[in-house]
Amino acid sequence: MKHITHTSTRLFLITLTILFTLLGFVFTADANPTYTVRTVYFQPTGAPGPTRKIIELLIQSQDFYRAEMERHGYGPKTFKLETDGAGNVGFYPIRGKHNADYYVTDTYNRIKSELPRAFTLPALAKDNVLVIIVSGVSIVCGTDCKRAYGGYYLGDNTGGFALIANEALDLRVLNHEIGHTFGLKHTTHAGAIMYTGSDILLDYEARWLDRHHFFSDTHIRSGAPQFLENQEIIAISEDKLRFKINVNSENGLHQAQLTRGKSPNRLDLVLGTAEIEGTSTTIQVDVDRSDLIDGDSVDIQIMDIHGNTASKTLSNITLPKPVIVDINTDGVVNIQDLVLVAARLGETWDGKEDVNNDGIVNILDLVLVTNAF
Ligand SMILES: [Zn+2]
């Protein structure tokens, strides 16, 4: 058994050596870069070849992130692009076996099967970002078809990949998709790169990237944060929900981000974020009720101070009943509402005087009404 393992390891290394010898005319620098954005220009048969524009856009995107991180007060930090031995940014031109139409179905898997294995082997690929620009197409397709898409690997790895139709390629698309590979999610904040592919990084995005492995020099890859049991969703007002999530981290916590999962006709969307600290805490994130419906899923991502992340999905959630403190519905919350609640104090009752919907009218209900004065 040991012998077989040893032989296959050696075969694997030989294969890698051959692969990188073949690729060597493009890049010779670092056969296994980590925390680096690697770019492939994938050219189906008959599709246009690459131009200098690709390298210019990659450098502009790197500059964009650097300038935005600085604007947010984190210094001029940005991600690494793969370079040759002389420090020049480059990309891998790879020719497809089929014409462009073939790659408009199941784009990533079809291209992946034609890429050098070293680009996609989990152990080598998942601590890198792979950006694939597909020539000759205006859309790329997975479960649906879009101009581009990108994502990141869950769990212990820290990389991601993006797929961009060359005919849609511009700086905003590139900035947006690279954002996804670092774990950034969609927002409705107009003007943000994660909304329209526009012009700015938001505060919580810059704060997330500040500790992300691709932006930081410390790569302490142990002690990933952990979720504990007992997540809770409570209503705190008529239109706000509070998510309470218990987490631990031996390194110290940094940030949490809650995202609505993708569903038909609705975008995945950042619902709220929280700055967190310490080794054990209950994250509280307040979310607009109007952003969620029963049956939605909510993804929770957490990051520790070294950029290690963990994520958890709450599937098929049920929204708690809203907390309504205007008991007499006269449009104002005042002593009259408090009197109505007080009149039922101590009763087992699930009417509107039971403000927090726990089945009993008590001091907690009085507090909710008083706090809304
Ligand atoms: Zn997107």
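Small disclaimer: the values here were computed from a predicted structure and weren't measured.

K.L.:
What's the story with the overall build of the protein chain in this structure? I'm lost.
P.N.:
Counting its secondary structure elements, the protein chain contains 10 helices and 16 strands. Relative to its full complement of 373 residues, the protein chain shows a buried share of 33%. Contacts in the protein chain between residues at least 24 apart in sequence constitute 62% of all its contacts with a sequence separation of at least 6.

K.L.:
Quick question: what am I supposed to make of the packing of helix H9 (residues 335-342) against helix H10 (residues 363-371) here?
P.N.:
Between two packed helices, both the angle of their axes relative to each other and the distance between the axes serve to describe the pair. One can describe the packing of H9 onto H10 by two numbers: an axis separation of 9 Å at closest approach and a directional angle of 175°. Relative to H10, the element H9 is oriented roughly antiparallel. Each of Asp337, Leu338, Val341 and Ala342 in H9 lies in contact with H10, whose residues at this interface are Asp365, Leu366, Val369 and Thr370. Tallied by class, the residues present in the contact of H9 with H10 amount to five nonpolar, one polar and two charged.

K.L.:
Looking at this model, I keep getting lost on the confidence of the model for the protein chain. Mind explaining?
P.N.:
Of the residues in the protein chain, 90% have a pLDDT of 70 or more, and the chain-wide mean is 88. Confidence over residues 1-30 falls short of pLDDT 50; this stretch has 18 contacts with residues more than four positions distant or in other chains.

K.L.:
So what exactly am I meant to see when it comes to the sheet that holds strand S12 (residues 253-260) here?
P.N.:
Taken in spatial order, the four strands of this open sheet run S13-S12-S15-S16, and their pairing is antiparallel. Edge positions in the sheet fall to strand S13 (269-275) and strand S16 (309-314), since each has one partner strand and no second. Neighbour-to-neighbour, the strand axes of this sheet turn through a mean angle of 15°, independent of strand direction. Both S12 and strand S15 (residues 298-304) contribute to a ladder of seven bridges, which runs antiparallel. By the bridge assignment for S15, Ala256 is matched with Ile302. Strand contacts of helix H8 (residues 203-211): S12, S13 and S15, with the helix running at about 130° to S12, the strand carrying the most contacts.

K.L.:
Looking at this model, I keep getting lost on the domain arrangement of the protein chain. Mind explaining?
P.N.:
Frequently, the measure chosen for interface size is the accessible area removed from exposure when the parts meet. For the protein chain, the assigned domains are domain 1 (25-211), domain 2 (226-314) and domain 3 (335-371). Computed over C-alpha atoms, the centres of domain 1 and domain 3 are 54 Å apart.

K.L.:
Got a minute to help me understand unusual backbone geometry in this structure?
P.N.:
Both trends apply: most residues other than glycine have a negative phi, and most peptide bonds are in trans. Positive phi outside glycine occurs at Asn230, with the angle close to 70°. Structurally, Asn230 is set in the loop between strand S9 (226-227) and strand S10 (232-235). Even without being a glycine, Asn357 presents a positive backbone phi close to 60°. Summarising the element assignment, Asn357 is placed in the loop between H9 and H10.

Thresholds applied
Within each chain, residue numbers correspond to sequence positions counted from 1 in written order. Local features in this predicted model are restricted to residues whose pLDDT is 70 or higher, and side-chain atom pairs enter the listing and the counts only when it is 80 or higher, whereas totals over whole chains, interfaces and linings include all residues. Strands are runs of DSSP state E lasting at least 2 residues, helices are runs of H or I lasting at least 4, and numbering of each runs from the N terminus. Between the buried cut of 20 or more and the exposed cut of 12 or fewer other C-beta atoms within 10 Å of a residue's own C-beta lies the partly exposed class, and all C-beta atoms are placed from the backbone. For every residue pair, C-beta atoms are placed from the backbone, and the pair is scored as a contact if these atoms sit within 7 Å. Between N-to-C directions, angles cover 0 to 180 degrees, with each direction set by a line fitted to C-alpha atoms, over the stretch in contact for helices. Should an angle lie under 35 degrees it is considered roughly parallel, over 145 roughly antiparallel, and from 65 to 115 roughly perpendicular; all remaining angles are considered oblique. Polar here means any residue other than Ala, Val, Leu, Ile, Met, Phe, Trp, Tyr, Cys and Pro, which are nonpolar, and Asp, Glu, Lys and Arg, which are charged; Gly is therefore polar. Per-residue confidence from the predictor is reported as pLDDT, a score between 0 and 100. Here, any two strands with at least 2 DSSP bridges between them count as paired. Domain extents, as shown, originate in an automatic or database domain assignment.

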